[in-house]
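Coordinate inspection notes
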Amino acid sequence: MAVPGRAPRWAGEDPSRRFGDLFNLVYDPAFLVHAWERVSTNKGARTAGIDKATAAMIETWVGVEAFLGQIRDSLKSGEFRPVEVRQVLVPKGNTGKFRKLGIPTIADRVVQAGLKLVLEPIFEADFKPCSYGFRPNRRAHDAIAEIHHFASESINYRWVLECDIKACFDEISHTALMDRLRARIKDKRVCALVKAFLKSGVLTELGNREDTLTGTPQGSLCEASHNDPYEQCWVMRSARRLTLVGAVAAAGRCA
């Protein structure tokens, strides 16, 4: 399931092309069914958001068809509003530090998955060949294989740039991210929905609500689609600033 028609090809042929009339796909019944399948078959389906509902509970108590019908109606009417994500602190090994994870409700995850189905084929056209993270049919092992290739005797690259964006998920600029989104998407309803997820806030383990002025919660489906266009832009700009030439830039992306 993907954006129908020629949109992905158009995106590849014209880097400046902007796409509209996409919101109807987000609440399209077939897209919602596919989004549900992605969410319900993920191991995170057993974890509830702030409403304490898991995918299994929704199947038993509400029914999938009725549940998706409610989501479709609320999206179509413009009444849908994402709720706060449930924040969980996960230890970072033995460092004594914690990583903040955000757990959305199942309903929000389904809508996020629908958004990802619509937006991913368009933004795929903009990614560089050296970008491997969070992309369909790509994985870290592919990046490692490319590193081995460029480090082989026939090519013999000797320098590797390894970089990371400190607290990337916590500090992503919503303004910069939305600018990147609007460069490709002119459907105001889609942009408004993405922004609503960014601004939905978190509910801490102590039960306090916190606004999300920057960043995107780690653990959400949209975390991947939010982060990649932003991070790739930053990495490529930094590489140019340092005047480093290296096909082994894949090393930084798979770190």
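Everything below is about the structure shown above.
So, a few notes on the structure that sits alongside this text. (Residues numbered from 1 in each chain as written. Predicted model: local features only at pLDDT ≥ 70, side-chain atom pairs only at ≥ 80, totals over all residues. Heavy atoms only, no water.)

Some thoughts on the pattern of salt bridges
Considering all chains together, one arrives at seven salt bridges under this definition. Between R184 and D126 there is a salt bridge whose closest N-O contact spans 2.7 Å. Residue R184 is located in the loop between helix 9 (174-182) and helix 10 (188-198), and its partner D126 is located in the loop between helix 6 (106-124) and helix 7 (140-150); the two are separated by 58 residues in the primary sequence. A relative accessible area of 29% places D126 in the partly exposed class. Linked by salt bridges that have partners in common, E84, R209 and D211 make up one network. (Salt bridge = Lys/Arg side-chain N within 4 Å of Asp/Glu carboxyl O. Helix = DSSP H or I, 4+ residues; strand = E, 2+ residues; numbered from the N terminus. Buried < 20%, exposed > 50% of the residue type's maximum accessible area, 1.4 Å probe, protein only.)

Some thoughts on the side chain of D187
Mapped onto the elements of the fold, D187 is located in the loop between helix 9 and helix 10. Judged by its relative accessible area of 6%, D187 falls in the buried class. Only 3.4 Å separates the side chain of D187 from the backbone nitrogen of D21, close enough to count as a polar contact. A distance of 2.8 Å separates a polar side-chain atom of D187 from the backbone nitrogen of L22. Beyond its immediate stretch of four places on either side in the chain, D187 contacts F19, G20, D21, L22 and F23. (Polar contact = N/O pair within 3.5 Å; in protein donor to acceptor, adjacent residues only side chain to side chain. Contact = heavy atoms within 4.5 Å.)

Looking at the environment of C191
Looking at the element boundaries, C191 is found in helix 10. Other than its neighbours up to four places away in sequence, C191 contacts M178, L181, R182 and I185.

Topic: the packing of aromatic side chains
If you walk through the whole model with that rule in mind, you get four aromatic pairs. Arranged with centres 5.7 Å apart and planes meeting at 70 degrees, the rings of F23 and Y27 form a pair that is edge-to-face. We note that F23, like Y27, is buried. For the pair F150 and Y157, a centre-to-centre distance of 5.7 Å together with 80 degrees between the ring planes defines the contact as edge-to-face. With relative accessibility at 16%, the residue F150 sits in the buried group. R17 extends its terminal NZ or CZ atom over the ring of W10, reaching a point 4.1 Å from the ring centre. Over the ring of Y132 we find R138, and its NZ or CZ is 4.6 Å from the ring centre. (Phe/Tyr/Trp six-rings, centres within 6.5 Å; stacked < 30°, edge-to-face > 60°. Lys NZ or Arg CZ within 6 Å of the ring centre and 35° of its normal.)

A closer look at the sheet that holds strand 2 (residues 98-103)
Reading across from one edge, 2-1-3-4 is the order of the four strands in this open sheet, with mixed pairing throughout. Looking at strand neighbours, the two that pair on one side only are strand 2 and strand 4 (209-210), the edges of this open sheet. The pairing of strand 3 (residues 202-203) with strand 4 spans two bridges and is classified as antiparallel. Counted as the bridge partner of V202 is E210 from strand 4. (Pairing = 2+ DSSP bridges.)

Quick word on helix 7
Those residues of helix 7 that fall on the buried side of the exposure criterion are A143, E146 and F150. Buried residues of helix 7, viewed axially, fall in a sector of 60 degrees; they line one side. Turned more than 90 degrees away from the buried face of helix 7 sit H141 and H148, all of them exposed. (Arc of directions from axis to C-beta.)

Brief notes about unusual backbone geometry
Excluding glycine, most residues fall at negative phi; most peptide bonds, likewise, are trans. One non-glycine residue, N137, lies in positive phi territory at about 65 degrees. Counting through the fold element by element, N137 comes out in the loop between helix 6 and helix 7. One non-glycine residue, N156, lies in positive phi territory at about 65 degrees.

Re the nonpolar core
Core analysis: the largest hydrophobic core is formed by 46 residues, its most contacted members being F67, I71, L75, V110, I185 and L193. Every element with two or more residues in this core is listed here: helix 1 (7-13), helix 2 (23-26), helix 3 (29-40), helix 4 (55-61), helix 5 (64-77), helix 6, helix 9 and helix 10. Setting aside chain neighbours within four positions, we find I185 in contact with R18, F19, L22, L119, I122, F123, V190 and C191. (Core = buried A, V, L, I, M, F, W, Y, C linked by side-chain atoms within 4.5 Å.)

Observations regarding the pairing of strand 1 (residues 85-91)
As paired strands, strand 1 and strand 3 are joined by two bridges and run parallel to one another. Bridging across to strand 3, R86 finds its partner in L203. Pairing between strand 1 and strand 2: six bridges, direction antiparallel. Bridging across to strand 2, P91 finds its partner in F98. Counted along the chain from strand 1 to the antiparallel partner strand 2, the turn is six residues long, and its residue G93 has a positive phi close to 60 degrees.

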